[in-house]
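# A closer look at the structure
The chain contents come next:
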Amino acid sequence: MSLRNMRGTAAWMAVVAFVIQPQLLLAEHLPTASELPIRVVDVALGANGTLTGQLLDRQGRQLPISQIVVTNGHETWKTYTNEQGHFRLEGLVGSTYQVQAVGQTQIVRAWSEGTAPPQASKSLLLVHDNSVVLGQNCGAPACGSPVCGSGVCGAKNPLANPLIFGGLVAAAIAIPVAINNSDDDPSSP
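Predicted model, so just to flag it, every value in this text is computed and none were measured.

So, on to the sheet that holds strand E8 (residues 124–127). One open sheet holds the three strands; their spatial order is E5-E2-E8, and the pairing between them is mixed. Sheet topology places strand E5 (86–89) and E8 at the edges, where each strand pairs with a single neighbour. This sheet shows a mean twist of 25 degrees between the axes of neighbouring strands, independent of strand direction.

For the rest of this paragraph, the subject is the pairing of E5. Here E5 shows a clear split, with Phe87 and Leu89 buried on one side and none of His86 and Arg88 buried on the other. The pairing of strand E2 (residues 51–56) with E5 spans four bridges and is classified as antiparallel. The residue bridging Leu51 from the neighbouring strand is Leu89, located in E5.

In this section: the packing of aromatic side chains. Taken as a whole, this structure holds one aromatic pair when the rule is applied. Ring plane angle 75 degrees and centroid distance 5.7 Å describe the contact between Trp77 and Tyr97, whose orientation is recorded as edge-to-face. Residue Trp77 is found in strand E4 (residues 76–80), and its partner Tyr97 is found in strand E6 (residues 95–101); the two are separated by 20 residues along the sequence. When sorted by exposure, Trp77 lands in the same class as Tyr97, which is buried.

The rules behind each value
Residues numbered from 1 in each chain as written. Predicted model: local features only at pLDDT ≥ 70, side-chain atom pairs only at ≥ 80, totals over all residues. Heavy atoms only, no water. Pairing = 2+ DSSP bridges. Helix = DSSP H or I, 4+ residues; strand = E, 2+ residues; numbered from the N terminus. Axes fitted to C-alpha atoms, helices over the stretch in contact; angles between N-to-C directions. Buried < 20%, exposed > 50% of the residue type's maximum accessible area, 1.4 Å probe, protein only. Phe/Tyr/Trp six-rings, centres within 6.5 Å; stacked < 30°, edge-to-face > 60°.

As far as function goes, none of this settles anything; it's purely spatial.
As structure tokens, then:
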């Protein structure tokens, strides 16, 4: 195989590697958001078993007068957020709780006062319609994400589409190789 053929083959291999998403080729089944494991949050309870927190939307705005339901499977506590989206529940003990607010569910490992690990938060932050999964926004449009499915990205952010980005990278590799190959003149003595 000549050097020219090897360069051409390498350029095409680069194009294929960047354009075809290996995750999609190798995955038997892509998980949906409901199939992904739920993240457990550690929260330190305050005095008297107080759980405090705030409910926000994805833009960081407070969600006032929203119901918060906390359950451990045996008992259920209910409260509402105030005008700033803050809530407070007393009488909890160190345990695992399911916290629900406006259709969102969060699993909380609550620690009694003085027993929480250093990484535990002092209060719980709940984000309504938090569809960010593995750092990828799975809302419409999906932008071809292997996590969210292979939708078509809107014109606002075309570089977010891995096919377009991969094509640009492959072109950045293939064009200089092609220019270099065109300088080779096999008819010269």
